[in-house]
Amino acid sequence: MTNSPAPRRPLPTSPFRTAAPAPLKQFAVGDRVSHDEYGLGRAISVEGDGEIAVLVDFGARQERITRPFAKLFRL
């Protein structure tokens, strides 16, 4: 067991505030999307309300893209 201290929470008046977490990307069936590697496509299926994985039709191929969707953007 380690005796590491608990992480400190920032004070509300601190000038060194932590950045707010980025909102989760959500996709729906029919959304037009752009992927950095595969190009333009359309979401044809989503898992977990669009928060877990998205099946995208890129024309020549279909790819299942999972969270965190770093390279996938809604148009």
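Residues numbered from 1 in each chain as written. Predicted model: local features only at pLDDT ≥ 70, side-chain atom pairs only at ≥ 80, totals over all residues. Heavy atoms only, no water.

1. Describing the pattern of salt bridges
- Tallying each qualifying case throughout the model produces 4 salt bridges.
- E37 is the salt-bridge partner of K71, the closest N and O atoms lying 2.5 Å from each other. You can see K71 sitting in the loop between β4 (62–66) and β5 (72–74) and its partner E37 sitting in the loop between β1 (32–35) and β2 (39–47), a full 34 residues away along the chain.
- Look at K71 and you get partly exposed, because its relative accessible area is 37%.
- Taking the relative accessible area as the measure of exposure, E37 reaches 51% and is therefore exposed. (Salt bridge = Lys/Arg side-chain N within 4 Å of Asp/Glu carboxyl O. Helix = DSSP H or I, 4+ residues; strand = E, 2+ residues; numbered from the N terminus. Buried < 20%, exposed > 50% of the residue type's maximum accessible area, 1.4 Å probe, protein only.)

2. Considerations on the packing of aromatic side chains
- Per the counting criterion, the structure on display carries 2 aromatic pairs.
- The interplanar angle of 75 degrees and the centroid separation of 5.1 Å between the aromatic rings of F27 and F69 together place this pair among those described as edge-to-face. Taken together, the positions of F27 in the segment before β1 and F69 in the loop between β4 and β5 put the pair 42 residues apart, joining distant regions of the chain.
- For F27, a relative accessible area of 5% translates into the label buried.
- Judged by centre distance (5.3 Å) and plane angle (40 degrees), the rings of Y38 and F58 are tilted. Of the two residues, Y38 sits in the loop between β1 and β2 while F58 sits in the loop between β3 (53–57) and β4, which places them 20 residues apart along the sequence.
- Judged by relative accessible area, Y38 falls into the partly exposed class, the value being 27%.
- Overall, the relative accessible area of 12% leaves F58 in the buried class. (Phe/Tyr/Trp six-rings, centres within 6.5 Å; stacked < 30°, edge-to-face > 60°.)

Purely geometric numbers; function is a separate question.
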